[in-house]
Amino acid sequence: MELRALRYFVTVAEELHFGRAAERLQIVQPAVSQQIARLERELGVRLLERNSRRVRLTPAGERVLAAAREALAAAARVRVVAGESVAGLRIGVASCITPRLDRALARLRESERRAEPRLVVLPVTARLDAVRDGELDLALVRGTLASTTLTVTPAWSEPLHAVLSREHPAVGKPTVSLHDLDPHGLYLPARDSDPPLHDAILAALPTAPSRPPAGDLLNAAFEVSRGGEAWTLIPAEQFAGSLPDRLLQVPFDPLMTVDGHVVTSPATPAPWVASYVAAFGD
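The rules behind each value
- Residues numbered from 1 in each chain as written.
- Predicted model: local features only at pLDDT ≥ 70, side-chain atom pairs only at ≥ 80, totals over all residues.
- Heavy atoms only, no water.
- Helix = DSSP H or I, 4+ residues; strand = E, 2+ residues; numbered from the N terminus.
- Buried < 20%, exposed > 50% of the residue type's maximum accessible area, 1.4 Å probe, protein only.
- Contact = heavy atoms within 4.5 Å.
- Areas by Shrake-Rupley, 256 points an atom, 1.4 Å probe, with all protein chains shown as cover.
- Lys, Arg positive; Asp, Glu negative; His and termini not counted.
- Charge placed at Lys NZ, Arg CZ, Asp CG, Glu CD.
- Expected span 1.5 Å × (residues − 1).
- Arc of directions from axis to C-beta.
- Core = buried A, V, L, I, M, F, W, Y, C linked by side-chain atoms within 4.5 Å.

Brief notes about the overall build of the protein
- On a plain count of helices and strands, the protein comes out with nine helices and nine strands.
- Projected onto its principal axes, the C-alpha positions of the protein cover 70 × 55 × 25 Å.
- In the protein, which comprises 282 residues, the share counted as buried stands at 48%.
- A fraction of 71% describes how many contacts in the protein between residues 6 or more apart in sequence connect residues 24 or more apart.
- As displayed, the protein has an accessible area near 14200 Å², and 53% of this comes from carbon and sulfur atoms.
- One finds the centroid of the 32 positive side-chain charges in the protein at a distance of 6 Å from the centroid of its 33 negative side-chain charges.

Right, dumping it as structure tokens:
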């Protein structure tokens, strides 16, 4: 029995959709179907009931799902232990280096349990999948996040800032409030670019934005750079001073914040999780 087949089965069971599972796994759908069929033949039971409209777990599938998750977590633990002598630490991050990240890497290298971090840049969903599958030791995620298959530990709180063009009427103020900003000028990144951060920003707004989503945060910032009363919101550390000169980053008053989390596998020992949180915390 291959761990790959178990991973494919768990993904399909979580999505209850072969197409979405294939997208998460970044493989073609027929390969997922073949692995599930092979696993069912090997176990001699039907794991999934599927027709043209839906997929659902059989009673045997429910039992196997719990055991499969335990097996994948145990395999991840073996990988961690195997690498413990060299203390390599694979960290999933967004494509930006922030002062917090730079400071945390130094802390991890100098801590009692010394580690040599290796950064892996992935989109948020792929980051979480990689931790779940044991391909990353931890991931950093901002926003609203809960999981039944991962350990999500709050590590820091970060202000949200408004991003304005230098032509915006509010430029020159040390802080802005939502009353200073035209709600019709808001460019909000699409949810699929970063679901936890999108949900956290949306929860901080009194009304939903009227403009269509603008892709990821970089696309939203590009739209703002066109001028006028356009604006967007970003975590204060997201671009860490690397915004183009034609854009300004302005704090909100009253303060608006977003939480940052360290995400690990349930197999990761609690003292290790605590050391990661301490490294990335304020």
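A word on the side chain of S225
- In this fold, S225 is placed in the loop between helix 8 (217-224) and strand 7 (231-235).
- Relative accessible area serves as the criterion here: at 15%, S225 is assigned to the buried category.
- Non-local contacts of S225, meaning those with residues more than four positions away in its chain, are made with R246 and L247.

Looking at helix 3 (residues 29-43)
- Taking 1.5 Å of rise per residue, the 15 residues of helix 3 would be expected to cover 21 Å, and the 21 Å separating its terminal C-alpha atoms lies within 8% of that figure.
- Every buried residue of helix 3 is accounted for by V32, Q35, I36, L39 and E40. Along the axis of helix 3, the buried positions cluster into a sector of 135 degrees, meaning they face one direction only.
- Looking at the buried side of helix 3, the elements it contacts are helix 1 (3-15), helix 2 (18-25) and strand 1 (48-50).

Topic: the nonpolar core
- In this structure, L164, V176, L181, I201, W231, L233 and F252 are the most contacted members of the largest nonpolar core, which totals 30 residues.
- Elements supplying a minimum of two residues to this core: strand 6 (151-165), helix 7 (195-204), helix 8, strand 7 and strand 8 (247-251).
- Counting residues in each nonpolar core, the second largest holds 22 residues, with V10, L47, V64 and A68 among its members.

Some words on the environment of V28
- The topology assignment puts V28 in the loop between helix 2 and helix 3.
- Taking the C-alpha atoms as reference points, V28 and F18, separated by 10 residues in sequence, lie 9.7 Å from one another.

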